[in-house]
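# Structure assessment
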Amino acid sequence: MTLGPDGRHKGRAKPIYNDSTQIRAVLDTVREFKDGLTCDDLESLLDLKHQTCSARVYDLHTTGRIVDSGRKRATRSGTAATVWIHPFYSETVEVLRAG
């Protein structure tokens with residue numbers, strides 16, 4: 001630990017992680033993964049608690065900014081979880097289903 005001249009801790013400041021920055025982080029991350037992500041994937045990638053991540057996924061889903069792909073994938077604990085995708089990729093999913 002590094003101390004400044006005043007004797008206080010001189011480390012990196014904690015990032016400001018309010019609802020809007022968390023929502024943006026989840027949305028940007030989902031957009032990067034064409035095959036989609038589960039909430040468990042997002043928790044791991046973004047170092048978020050489950051309750052926080054699921055709340056942000058809910059916010060994005062109810063506003064249509066991410067959509068249910070219709071697929072499930074196993075989480076780290078082995079349970080089946082919804083795979084969330086960016087709406088841009090949902091048309092691709094529909095074409096594959098109709099296939």
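The structure we're discussing is the one just above.
Attention in this report is confined to the structure presented alongside it. (Residues numbered from 1 in each chain as written. Predicted model: local features only at pLDDT ≥ 70, side-chain atom pairs only at ≥ 80, totals over all residues. Heavy atoms only, no water.)

### Brief notes about the overall build of the protein chain
Stated precisely, the cut-off is as follows: Counting from the N terminus, the helices are the DSSP runs of H or I reaching at least four residues and the strands are the DSSP runs of E reaching at least two. Under the scheme applied here, a residue whose accessible area is under 20% of the maximum for its type counts as buried, over 50% as exposed, and between as partly exposed, the area being computed with a 1.4 Å probe on protein chains only. Whether two residues are in contact is decided by their heavy atoms, any of which lying within 4.5 Å being enough.
From N to C terminus, the protein chain includes four helices and two strands. Ordering the α and β elements of the protein chain from the N terminus gives α-α-α-β-β-α. The proportion of buried residues among the 99 residues of the protein chain is 32%. Looking at the protein chain alone, contacts between residues at least 24 apart form 45% of all its contacts between residues at least 6 apart.

### Thoughts on the nonpolar core
Note the following rule: Residues belong to a common nonpolar core when they are buried Ala, Val, Leu, Ile, Met, Phe, Trp, Tyr or Cys residues joined through side-chain atoms within 4.5 Å.
Grouped together as the largest cluster of nonpolar side chains are 15 residues, with contacts concentrated most on Val 26, Leu 42, Leu 46, Cys 53, Val 57, Leu 60 and Ile 66. Here this core gets five residues from one element, more than from any other, and that element is helix α1 (residues 19–32). Aside from chain neighbours lying at most four places away, what touches Leu 60 is Ile 23, Val 26, Leu 27, Arg 65 and Ile 66.

### Description of the side chain of Ser 69
Defined as follows: Any pair of N or O atoms that falls within 3.5 Å is considered a polar contact. Within protein, one atom must be able to donate a hydrogen and the other to accept it, and sequence-neighbouring residues count only if both atoms are side-chain atoms.
With respect to the secondary-structure elements, Ser 69 resides in strand β1 (residues 67–74). Under the relative-accessibility criterion, Ser 69 is labelled buried at 1%. At 3.1 Å, the side chain of Ser 69 forms a polar contact with the backbone nitrogen of Arg 71.

### Observations regarding helix α2 (residues 39–46)
The line we're drawing: Relevant arc is that of directions from the helix axis to the C-beta atoms, nothing else.
Among all positions in α2, only Cys 39, Asp 40, Leu 42, Glu 43 and Leu 46 are buried. One side of α2 carries all its buried residues, which in axial view fall inside an arc of 160 degrees. As for α2, its buried residues are in contact with α1, α3 (50–62) and β2 (80–85). Looking at the residues trailing α2, positive phi occurs at Asp 47, about 55 degrees.

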